Amino acid sequence: MAYASRFLSRSKQLQGSLVIFQQHNAIPVRAFAKEAARPTFKGDEMLKGVFFDIKNKFQAAVDILRKEKITLDPEDPAAVKQYANVMKTIRQKADMFSESQRIKHDIDTETQDIPDARAYLLKLQEIRTRRGLTDELGAEAMMFEALEKVEKDIKKPLLRSDKKGMDLLVAEFEKGNKKLGIRKEDLPKYEDNLELSMAKAQLDELKSDAVEAMESQKKKEEFQDEEMPDVKSLDIRNFI
């Protein structure tokens, strides 16, 4: 079970939940017992609800990992796709965000009080960098160029409450997207590619951890005569 916890904690989608689970797991069970002497407060019920919610999500993830085979080969597209599908199933069962949903959530919550378009774009840039995303198409530069053009035309900083000015900006974005070959109907494909790239990165990290663990084990005297197995042959289900 220890390996399962380590494996799950490597997923960015599960990491935060597991930390909370581990923290609450240290609370004595008697704190939630009906016969406890101290009175029950709303905060206690809330904490109890959080505890059981996280515990159930954790268990749902483990149950799926017990059934699905994961091959630690980040260079094999089929293995990456399988891992991405497993993690998608876990997210759905545990009611968790996908990477694209998490990014959208960050944007919605962190930009809601930003009044001007320039600060908004700078915040998008910050979120992209923080999430480790690359701008291979140059879309970010295009958006700032579009903003420069609109602000030059209206002769003032563009506020997000300026509907006419924002319509002009959106029109400029659409022109830029057309030049870059970005189409709205392709957004689901971009989201799938993002999930696959994240899955590949996570699988690569898991492989590195497994190799490091085996090499550390190999240094122990009792294992020096044993041949280290190919990491691709490992079946994680045997360790859960």
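Scroll up to find the structure.
Criteria and thresholds
Residues numbered from 1 in each chain as written. Predicted model: local features only at pLDDT ≥ 70, side-chain atom pairs only at ≥ 80, totals over all residues. Heavy atoms only, no water. Patch = residues over 30% accessible without salt bridge, like charges linked within 9 Å, V, L, I, M, F, W, Y side chains within 5 Å. Areas by Shrake-Rupley, 256 points an atom, 1.4 Å probe, with all protein chains shown as cover. Salt bridge = Lys/Arg side-chain N within 4 Å of Asp/Glu carboxyl O. Lys, Arg positive; Asp, Glu negative; His and termini not counted. Charge placed at Lys NZ, Arg CZ, Asp CG, Glu CD. Helix = DSSP H or I, 4+ residues; strand = E, 2+ residues; numbered from the N terminus. Buried < 20%, exposed > 50% of the residue type's maximum accessible area, 1.4 Å probe, protein only. Expected span 1.5 Å × (residues − 1). Contact = heavy atoms within 4.5 Å. Polar contact = N/O pair within 3.5 Å; in protein donor to acceptor, adjacent residues only side chain to side chain.

Some details on a negative patch on the surface
Now for step 1: A surface patch of negative charge is lined by Glu221, Glu222, Asp225 and Glu226.
Now for step 2: Positionally, Glu222 belongs in the segment after helix 9 (187–218).
Now for step 3: Here Glu222 falls in the exposed class, since its relative accessible area comes to 56%.

A word on helix 6 (residues 117–130)
Now for step 1: For helix 6, with 14 residues, the first-to-last C-alpha span of 20 Å sits near the 20 Å given by 1.5 Å per residue.
Now for step 2: Packing partners of the buried residues in helix 6 comprise helix 5 (99–111), helix 7 (139–154) and helix 8 (163–180).
Now for step 3: Residue Asp116 occupies the N-cap position of helix 6, its side-chain oxygen lying 3.4 Å from the main-chain nitrogen of Arg118.
Now for step 4: Count one or two residues on from helix 6 and you reach Gly132, which has phi positive near 75°.

Some details on the pattern of salt bridges
Now for step 1: Under the defined criterion, the tally for this structure stands at 21 salt bridges.
Now for step 2: Taking the shortest distance from any N to any O, the salt bridge between Glu110 and Arg130 comes out at 2.7 Å. Here the residue Glu110 occupies a position in helix 5, and Arg130 occupies one in helix 6, the gap between them amounting to 20 residues.
Now for step 3: The class for Glu110 is partly exposed, based on a relative accessible area of 27%.
Now for step 4: Between Glu140 and Arg128 there is a salt bridge, with the nearest N and O atoms lying 2.9 Å from each other. With Glu140 in helix 7 and Arg128 in helix 6, this pair connects stretches of sequence that are 12 residues apart.

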